[in-house]
Amino acid sequence: DQQVKQNSPSLSVQEGRISILNCDYTNSMFDYFLWYKKYPAEGPTFLISISSIKDKNEDGRFTVFLNKSAKHLSLHIVPSQPGDSAVYFCAARGNFGNEKLTFGTGTRLTIIP
Amino acid sequence: ETGVTQSPTHLIKTRGQQVTLRCSSQSGHNTVSWYQQALGQGPQFIFQYYREEENGRGNFPPRFSGLQFPNYSSELNVNALELDDSALYLCASSPDGGYAGYTFGSGTRLTVV
């Protein structure tokens, strides 16, 4: 049972344009959502997160939007840069006492110069 | 000491053998989690330790076991290796049970032949 889904395995975006990565979840008990970025031969690196009580969180070029009614979140990167090319994982976490991360399968983002 | 260090980086084992993977966390990181990432998948939660006690476990059989030590290091042990155990094993640590986010190591690539 895949509780966190990233339905797009890959995405190509022109440099300077907006990249939008999507994630859906099924478990309404998740209370915190995170995005991780992963380069080959490296571990996942934390990018940005959002609490379930918010609908938007912004950090520089990165913005995460949460739509709780649709159980959907998205990561916007603007403007996209070549260094953003990586695999992006959406992850969700339960509340206190259940802090394990449940990951999606990832989206490979390629920024075209 | 900063960052999370895992050893070895690569390992080849024969089916039926036992393996121990090691992780060295940042000082003060009382929580350590282990994840298995199969090819083309997102990381899957194996188990979590807090102050040397297991406090969460995913859907992995008992032949997956772990230890956490007072010096912020930890081990993942896998007995009776199976071909499907071939994966990237990631260690992640946090100072507070995960609420400040997890720092991941670069992983150990295990191949079972």
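Scroll up a little and you will see the structure.
Only a predicted model underlies this, so the values are computations on that prediction, with no experimental measurement involved.

This brings us to the overall build of chain A. Assigned secondary structure in chain A consists of zero helices and 11 strands. When the helices and strands of chain A are placed in sequence order, the string is β-β-β-β-β-β-β-β-β-β-β. Scaling as 2.2 N^0.38, a compact globule of 113 residues should have a C-alpha radius of gyration of about 13 Å, and chain A matches this with 13 Å. Referenced to the eigenvectors of the C-alpha coordinate spread, the extents of chain A come out at roughly 45 × 30 × 20 Å.

Here we come to the sheet that holds strand β1 (residues 5-7) of chain B. Residues and elements named next belong to chain B. With respect to topology, four strands assemble into an open sheet ordered β1-β3-β8-β7, the strand pairing being antiparallel. Strands with a single pairing partner mark the edges of an open sheet, and in this sheet they are β1 and β7 (64-68). Each strand axis lies, on average, 20° off the axis of its neighbour in the sheet, ignoring direction.

What follows covers the sheet that holds strand β1 (residues 4-5) of chain A. Across a sheet, paired strands are connected by hydrogen bonds in the backbone, their directions being either parallel or antiparallel. Residue and element names in this part refer to chain A. Read across the sheet, five strands follow the order β1-β3-β8-β7-β6 without closing on themselves; strand pairing throughout is antiparallel. If you trace the sheet from one side to the other, it starts and ends with β1 and β6 (56-59), each paired once. Of the pairings in the sheet, the one linking strand β3 (residues 19-25) to strand β8 (residues 72-77) comprises six bridges and is antiparallel in character. Looking across to β8, one finds that Cys23 is bridged to Leu73.

A few words on the packing of aromatic side chains. Tallying each qualifying case throughout the model produces 13 aromatic pairs over all chains. Aromatic side chains A:Phe30 and A:Phe33 sit 6.4 Å apart centroid to centroid with 80° between the ring planes, which places their arrangement in the edge-to-face category. Consider the rings of B:Phe60 and B:Phe64, whose centres lie 5.1 Å apart with planes at 65°: the pair is edge-to-face. Across this residue pair, the class does not change: B:Phe60 and B:Phe64 are buried. Three or more aromatic residues joined by ring pairs make a cluster, and in this case those are A:Tyr36, A:Phe46, A:Phe89, A:Phe103, B:Tyr35, B:Phe45 and B:Phe104.

Before going further, it helps to spend a moment on the pairing of β8(A). Residues and elements named next belong to chain A. In terms of residue burial, β8 counts as a mostly covered element, since five of its six residues are buried. Across six bridges, strand β7 (residues 62-67) lies against β8 in antiparallel orientation. Within β8, the residue paired with Phe65 across the bridge is Ser74.

A:Phe33, A:Trp35, A:Leu73, A:Leu75 and A:Tyr88 are the most contacted members of the largest nonpolar core, which has 23 residues in total. Those elements that place two or more of their residues in this core are β3, β4 (32-38), β5 (45-51), β7, β8, β9 (86-93) and β11 (107-112) of chain A. If one sorts the elements of this core by residue count, β9(A) sits on top with four residues. Core analysis: the next-biggest nonpolar cluster, separate from the first, contains 19 residues, B:Leu21, B:Val32, B:Cys91 and B:Leu110 among them.

Roughly 540 Å³ of volume is contained in the largest pocket. For the largest pocket, the lining is made up of 24 residues, of which A:Lys38, A:Pro40, B:Gln37, B:Leu88 and B:Arg109 are closest to its centre. Of all the elements in the fold, those that place two or more residues in the lining of the largest pocket are β9 and β11 of chain A. The leading source of residues in the lining of the largest pocket is β9(A), at three residues. A breakdown of the residues in the lining of the largest pocket according to their chemical character gives 10 nonpolar, 11 polar and three charged. Looking at the second largest pocket, its volume works out to about 320 Å³. Lining the second largest pocket are 13 residues, with A:Lys100, A:Thr102, B:Gln44, B:Phe45 and B:Asn59 positioned closest to its centre. Looking at the lining of the second largest pocket, the elements with two or more residues in it are β10 (101-103) of chain A together with β5 (44-50) of chain B. Its residues assigned to classes, the lining of the second largest pocket comprises five nonpolar, six polar and two charged.

Rules of the game
- Per-chain numbering applies: the sequence of each chain, read as written, is numbered from 1 onward.
- Chain letters start at A and ligand numbers start at 1, both assigned in the order the entries are written.
- Only residues with pLDDT of at least 70 get local features here, since the model is predicted, and only at 80 or more are side-chain atom pairs given and counted; chain-wide, interface and lining totals rely on the full set of residues.
- The side-chain quantities take in all heavy atoms of the structure and omit both hydrogens and water.
- By definition, any uninterrupted DSSP run of H or I lasting at least four residues is a helix, any uninterrupted run of E lasting at least two residues is a strand, and each is numbered from the N terminus.
- As a reference, a globule follows 2.2 Å times the number of residues to the power 0.38, and the radius of gyration itself is taken over C-alpha atoms.
- Paired strands, as defined in this entry, are two strands with at least two bridges between them according to DSSP.
- Between N-to-C directions, angles cover 0 to 180 degrees, with each direction set by a line fitted to C-alpha atoms, over the stretch in contact for helices.
- Stacked, tilted and edge-to-face are the three classes applied to pairs of Phe, Tyr and Trp rings, where Trp contributes its six-membered ring and a pair requires centres within 6.5 Å; stacked means planes under 30 degrees apart, edge-to-face means over 60, and tilted covers the rest.
- Burial classes follow relative accessibility: with a 1.4 Å probe on protein chains only, a residue under 20% of its type's maximum area counts as buried, one over 50% as exposed, and anything between as partly exposed.
- Here, nonpolar core means buried Ala, Val, Leu, Ile, Met, Phe, Trp, Tyr and Cys residues that are tied together by side-chain atoms lying within 4.5 Å of each other.
- Any residue with an atom within 4 Å of a point lines the site, the site being either a cavity, points on a 1 Å grid over the protein atoms alone where a 1.4 Å probe fits but cannot get out, or a pocket, an open set with protein on both sides within 12 Å along at least 5 of 7 lines.
- Grid points are joined across faces, edges and corners, and a volume is the space filled by probe spheres set on the points.
- Charged means Asp, Glu, Lys or Arg here, nonpolar means Ala, Val, Leu, Ile, Met, Phe, Trp, Tyr, Cys or Pro, and polar covers whatever is left, Gly included.

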